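# Notes for the structure review
Next come the chains, spelled out residue by residue.
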Amino acid sequence: SDKQAPRSTAVGLQALSEGLSKESHGWVQQPLYEAALRSHVASAPRECDLTTHYGWNVVDATEADGEWLVVLEQTERGGRHYAEGGLDGLATDDTAAPKAGGRVRQTVLARVLVGCDGGRSSVRRRVPGADLCGQGGLGASLTVVFRRPGMEALLRRQFAGTPPGVAYCFKKEGGWPASVWQLDGAAELYFGFVSYPSVSDAPAWLSDGAGAADAAKALEALEAACDCAEPWGPDAEARDSWFWTPYSLCAGKWTLQRPSAALAGDAAHLLSPVGGFGMNVGVGDAASLGWRLAAILNGWLAPDAAFSGYEAERREAWARCNDYVVSERARLMSSGSRDAGGRGGAYETALLGACVDGRARVGLRLPSLPGALLEARGVTLVVVGDDLAAAVEPAFRAACDRIGIPCRACSVDGAEAAVATAFGDHRLAICRPDAVVTHLSAASLPDGVADGGSSVAAEALLLSRRP
């Protein structure tokens, strides 16, 4: 299909990749995702009172009466980011460039400090016991971004008879596995990478920083590693390249109670990006953490209650994905092949957990159900049958009014196969803002919802208690 402009983030991440890739799997490129987040922040309702500091670094954070004093400093480069639709590189905010006469510092008082600042996180250093541990480096990888008109047709000729996929995988006899992925079908933009068991197995020139930055030479190395039936020819144009180490590491601790702090994304864990797990797990962290921050700022939950369960829940998700990535990389090294994926397969199970079988489980996302429209800013009551909805909905809404949290109630048809599979012997579920089930029962609301105070009711509705 023709390339389409990204649609609103409200319709989901799938919209960002729709029309960009001619492959059967929709996926989201970081430049488009980052641009959509920037647009979303810029258009947030005024009552959100959001302030962004592009081009600033956190240089210090100290405790001050149970809160944080955070010192920010402008960087020399200014605020670099992906602009709207920016698959071709980084843009810079002119307003974020340092003023003449030296760098400018600013101090911010914060109730909560969240480290989403990558593998070298400065916030992680301020959380006792949060040092990274684990297997460490998983070899080395060369990544190349390039354009090549007709690349898709070339690949499809060689892979005729196989379904289109996200990655085209190669492994020459005696060589190392390589893959090519389509970034933008309309612009014929691709990226590929070669996986090496260790840095010493890669060409020596890659270990030199200047050598790895030679995109044209890196493209030659990628083509040499790919067992393509046809040469790529002079039309292949290298755009960027880098030589890097994939890791399997996880922070020993993710949260701090007083002053309140939490880690997310690469600050909390490092994963090989094989299969998109690095981004997917990070987005999952943000979804789980976002509503908790909203609960603190809106007074629904105290910080210790809001953060309870976050680390255990997200660490479990990281462990599932990490186990898959490590085993998948080993298979890639030996055979050059990848997991074909598929509904309910190992890949999807690693990402989403056991709920891929369609059954609702406390602590995991509610499977997609016909008629279940969830409240993304609060809690949702999902019941099977209108009779039960009429019986429990008034108490549910009254509790949400006491808390001051947005809510929605919906009934689903038990005759629908997906509903019957999801609920089994149950007829009632409650979901928090990120669609994770916090309560599942035959017919009753959690204890404390109907007759408890606002804090008791909020914990009963928002916090998962697995059986």
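Now for a look at the structure at hand.

Conventions we followed
- Residues numbered from 1 in each chain as written.
- Predicted model: local features only at pLDDT ≥ 70, side-chain atom pairs only at ≥ 80, totals over all residues.
- Heavy atoms only, no water.
- Buried < 20%, exposed > 50% of the residue type's maximum accessible area, 1.4 Å probe, protein only.
- Helix = DSSP H or I, 4+ residues; strand = E, 2+ residues; numbered from the N terminus.
- Pairing = 2+ DSSP bridges.
- Salt bridge = Lys/Arg side-chain N within 4 Å of Asp/Glu carboxyl O.
- Axes fitted to C-alpha atoms, helices over the stretch in contact; angles between N-to-C directions.
- Parallel < 35°, antiparallel > 145°, perpendicular 65-115°, else oblique.
- Left-handed = near helix turned anticlockwise from the far one by under 90°.
- Contact = heavy atoms within 4.5 Å.
- Polar contact = N/O pair within 3.5 Å; in protein donor to acceptor, adjacent residues only side chain to side chain.

## Some remarks on the pairing of strand E10 (residues 178-184)
Most of E10 sits out of view: seven of its seven residues are buried. Sheet topology note: the strand E9 (residues 167-170)/E10 ladder contains four bridges and is antiparallel. Paired with Tyr168 across the two strands is Val180, which belongs to E10. Two elements, E10 and strand E11 (residues 189-196), share six bridges in a ladder whose sense is antiparallel. Its bridge partner lying in E11, Trp181 is registered against Phe191.

## Points about the pairing of strand E18 (residues 407-412)
When strand E17 (residues 379-384) meets E18, the two strands line up parallel, connected through six bridges. Along E18, the bridge assignment pairs Leu381 with Ala409.

## Some points on the pattern of salt bridges
Here the structure, examined in full by the defined rule, presents 16 salt bridges. Asp60 serves as the salt-bridge partner of Arg126, at 3.4 Å between the closest nitrogen and oxygen. Of this pair, Arg126 sits in the loop between strand E6 (112-115) and strand E7 (132-137) while Asp60 is found in strand E1 (residues 56-64), placing the two residues 66 residues apart along the sequence. For Asp60, a relative accessible area of 31% translates into the label partly exposed. The partner of Arg292 in a salt bridge is Glu313, and the shortest N-O contact between them spans 3.8 Å. Of this pair, Arg292 sits in helix H6 (residues 277-297) while Glu313 sits in helix H8 (residues 310-335), placing them 21 residues apart in sequence. Of the two residues, Arg292 and Glu313, neither departs from the other in class, the shared state being buried.

## Re the packing of helix H10 (residues 386-403) against helix H12 (residues 454-462)
For any two helices packed against each other, the geometry is given by the interaxial angle and the distance between the axes. Direction vectors running N to C along H10 and H12 enclose 120°, while the axes themselves pass 9 Å from each other. Between H10 and H12, the crossing angle belongs to the class labelled oblique. Handedness of the crossing formed by H10 with H12: left-handed. Residues Phe396, Ala399, Cys400, Arg402 and Ile403 of H10 touch H12, and the partners they reach there are Ser454, Ala457, Ala458 and Leu461.

## Focus on the sheet that holds strand E2 (residues 67-74)
One open sheet holds the three strands; their spatial order is E1-E2-E5, and the pairing between them is antiparallel. Edge strands, defined here as strands with exactly one partner in the open sheet, are E1 and strand E5 (105-110). Adjacent strand axes in the sheet meet at a mean angle of 20°, parallel and antiparallel pairs treated alike.

## Section: the sheet that holds E10
Pairing is antiparallel across the open sheet formed by five strands, whose spatial order is E9-E10-E11-E8-E12. Pairing within the sheet leaves two strands with one partner each, and these edge strands are E9 and strand E12 (237-244). Pairwise comparison of adjacent strand axes, ignoring direction, gives a mean angle of 20° for this sheet. Along the sheet face, helix H3 (residues 151-158) touches strand E8 (140-147), E9, E10 and E11 and points at about 55° away from the line of E9.

## What to know about the side chain of Gln182
Inspection of the secondary structure puts Gln182 in strand E10. Assessed through its relative accessible area of 2%, Gln182 is described here as buried. Here the side chain of Gln182 touches Tyr190 through a polar contact of 3.5 Å, side chain to side chain.

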